Amino acid sequence: MFAPPPMSWTGSCERPDVTETTTRRSGPSAIGSGGDLAVLRLPMPEEPLAECDGFACRHSGDRAGARASAPEPGTTTAEGHAWYRWLLGHHVSFGVWRLICGSLSGALAGADLAAELFDVYSALLLYSGSCTSQVYADAIRPRMMSCHSAFSGTWSRDYELVRTLLGPPLSRNRGTRLAVAVQFNRLVHMSVAKRLVPTGNSLLRDSGKAGVPPTDDERALFDLFFSTRRVSTCSVDFRTQMIERTDLILSDLAAQPVTTRHGRADLDRFQMGLRGKFERLVSITRQLTHEEGLCGMTEQEQAVFTADAMKAVPVSPELIDYVQQQAGPLSPTQRWLIDRTRALGQAFEMQIPPEQGQFLTLLARSIGASRIVEVGTFTGYSTLALAAGLGPEGQVLTCDLSDEWTAVAQEAWREAGVADRIELKLGRAADTLRALPTEPTIDLAFIDADKVGYVEYWELLVPRIRPGGLLLVDNVLYYGDAVSPDAVGNARAIREFNAHVLADDRVESVLLTIADGLTVARKKF
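Draft legend 1. Local environment of the sheet that holds strand β3 (residues 371-375). Strands sit in the order β5-β4-β3-β6-β7-β9-β8 across an open sheet of 7 strands; the sheet is mixed. The open sheet has two free edges, formed respectively by β5 (422-426) and β8 (507-512), since each of these has just one partner strand. This sheet shows a mean twist of 15° between the axes of neighbouring strands, independent of strand direction. Taken together, the 6 bridges between β8 and strand β9 (residues 518-523) define a ladder with antiparallel strand orientation. By the bridge assignment for β9, Leu512 is matched with Leu518. Relative to the sheet, helix α20 (residues 489-502) contacts β7 (465-474), β8 and β9, its axis offset from that of β8 by approximately 140°.

Encoded structure:
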């Protein structure tokens, strides 16, 4: 079947009566990391999140004790930092497992969501296990041994339920996104475990207890070791804890990215996108915990929210299929390119949907565009769409950094017969744009690249767009996270970019809820 949760590499604990809940901290400050993690509050896996108790619920983080905090830069040893990541990664994993259980049981959005959450769990494995084997041997494994000679991740209450629920969905969905995500997660587990413990066995195997079901005392010991208290928890409190800790991971990665190499191109490539996975987790947590109910809202606030929500159409998979059908049939080249990009795995999510491609074609054609600039090529689907809307003798200039992805794009362009109308520039997009003539000769520009660069790309393009020309910018909702004043990472960059556009009196603009949000701006002068 599938391997038990790989996060069985743990730290130390003093063993009290393990049947008694405790709020003792076992965080990284114990070994000088400078950071501190509050006790994680979770209900038992089979128990639902509690109903929220109105106004007080909004301050659950304040009433529940000290919040988690990150170590100050330069104040931690390698051992301290490793333990900080170990404990923090486990805390977030417990919450992710709970969300996976909800999706597998049908309470949430189903198998596709479970697949996405398994990818987040794989990212957490790479983050938590990013220390060297020597640091692991010095700082983490001894703590596990001092806590219990057979300490194991199989004692986790939350993942135990995940394993139970996995069987039926996988038997029905072999070869689907969920099965692929679970298999990839197992590969990550084995890779990290082999790197951290290159020789020898796990403590559980050495103890001779492998395959023996855990006892209630062992499950309780596992919770105690990871500073997890099983108490009634509402959805707002759950969300607060998850987002707070995920933000700490993002801050930690900004200061010290994970650079470990695993000797596999697929793992190393996946590891490059860790921040995006954790930013996505923040979005999923906000969305799903909100769906648990209008937690902490007054009756008046609920009435306003409900009235606003009634103006929007819920987006179901069936509705998406219908919208795509209304965009018209895809060409053989478009179908090939979609399938070819899907085969890349995790990167597929960067491709625009077919209806958005049709919209790009329509906009380019409606203004008679002959000079188009695209920032962010990927595998070339959006470039194909823009080229389809070109006027006679028109050209698309597209910018990207990747040889691998743009090789797929060039194959598609040749097959579609538009390769001679597309110029690809590899290198930093800002350098390519800066080298363009400063005269306003561009009819249309499309930005869909690194989010922190959006403002710079905008400022380089606006002066070069002709009056009446269009600027189109993708991902301006960023999974819905751009709405939050507390947005982090790419979501914060998008929020700042949206404010920048709104304040720019050179353009008139509208933000549309197409796909992940599309800004359409017209240059006024």
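Draft legend 2. Spotlight on the pairing of strand β6 (residues 442-447). Along β6, 6 of the 6 residues are buried, which leaves the element largely enclosed by surrounding structure. Both β6 and β7 contribute to a ladder of 5 bridges, which runs parallel. Residue Ile447 lies in a different strand from β7, and its bridge partner there is Val473. For the segment spanning β6, helix α19 (residues 454-461) and β7, crossover handedness is right-handed.

Draft legend 3. Structural context of the side chain of Arg464. For Arg464, the location among the structural elements is in the loop between α19 and β7. Buried charge Arg464 goes without a salt bridge, the closest partner of opposite sign being Glu439 at 7.6 Å. Sequence-distant contacts of Arg464, defined by excluding residues within four places in its chain, comprise Leu433, Arg434, Leu436, Pro437, Thr438, Glu439, Pro440, Thr441 and Ile442.

Draft legend 4. Broad picture of the packing of helix α14 (residues 332-342) against helix α17 (residues 403-416). Two numbers describe how α14 lies on α17: the axes approach to 10 Å, and their chain directions differ by 165°. Viewed along their axes, α14 and α17 adopt a mutual orientation that is roughly antiparallel. Taken as a pair, α14 and α17 cross one another with a handedness that is right-handed. Contact residues: α14 offers Thr333, Trp336, Leu337 and Arg340, while α17 offers Val408, Glu411, Ala412, Glu415 and Ala416.

Draft legend 5. Geometry of α14. All of the buried residues in α14 are Thr333, Gln334, Leu337, Ile338 and Thr341. Looking straight down α14, one finds its buried side chains confined to an arc of 135°; they lie on one side. The secondary structure elements touched by the buried residues of α14 are α15 (354-366), α16 (381-388) and α17.

Draft legend 6. Region of the structure containing the pattern of salt bridges. With the rule as written, the count across this model stands at 23 salt bridges. Residues Arg230 and Asp223 are paired through a salt bridge, measuring 2.9 Å at the closest nitrogen-oxygen approach. Comparing Arg230 with Asp223 shows no difference in burial state: the two are buried. Asp504 is the partner of Arg506 in a salt bridge, and the nearest nitrogen-oxygen pair spans 2.7 Å. By relative accessible area, which is 9% here, Asp504 ends up buried. The network of salt bridges with common partners includes Arg157, Asp158, Asp223 and Arg230.

Draft legend 7. Structural view of helix α9 (residues 235-255). Taking 1.5 Å per residue, 21 residues should reach 30 Å; α9 reaches 30 Å between its end C-alpha atoms and fits that length. The buried fraction of α9 amounts to 15 of the 21 residues, a majority that puts the element mostly inside the structure.

Draft legend 8. View of the packing of aromatic side chains. Taken as a whole and judged by the stated rule, the model has 18 aromatic pairs. Ring geometry for Trp97 versus Tyr121: centroids 5.5 Å apart, planes at 90°, classification edge-to-face. In this pair, Trp97 is assigned in helix α2 (residues 78-104) and Tyr121 in helix α3 (residues 111-128), connecting sequence segments 24 residues apart. Given a relative accessible area of 0%, Trp97 falls into the buried group. Taken together, the ring pairs connect Trp83, Phe94, Trp97, Tyr121, Phe151, Trp155, Tyr159, Phe222, Phe225 and Phe226 into an aromatic cluster.

Draft legend 9. Representation of the confidence of the model for the protein within the structure. With 80% of its residues at a pLDDT of 70 or more, the protein shows a mean pLDDT of 81. Low confidence marks residues 58-66, where pLDDT is under 50. Its contacts with residues over four positions away, or in another chain, come to 19 contacts. Here residues 291-298 scores under 50 on pLDDT; set against residues more than four positions off or in separate chains, the count is 18 contacts.

Conventions we followed
Residues numbered from 1 in each chain as written. Predicted model: local features only at pLDDT ≥ 70, side-chain atom pairs only at ≥ 80, totals over all residues. Heavy atoms only, no water. Pairing = 2+ DSSP bridges. Helix = DSSP H or I, 4+ residues; strand = E, 2+ residues; numbered from the N terminus. Axes fitted to C-alpha atoms, helices over the stretch in contact; angles between N-to-C directions. Contact = heavy atoms within 4.5 Å. Buried < 20%, exposed > 50% of the residue type's maximum accessible area, 1.4 Å probe, protein only. Right-handed = clockwise from strand over helix to strand, strands pointing away. Lys, Arg positive; Asp, Glu negative; His and termini not counted. Salt bridge = Lys/Arg side-chain N within 4 Å of Asp/Glu carboxyl O. Parallel < 35°, antiparallel > 145°, perpendicular 65-115°, else oblique. Left-handed = near helix turned anticlockwise from the far one by under 90°. Arc of directions from axis to C-beta. Expected span 1.5 Å × (residues − 1). Phe/Tyr/Trp six-rings, centres within 6.5 Å; stacked < 30°, edge-to-face > 60°. pLDDT = per-residue confidence, 0-100.

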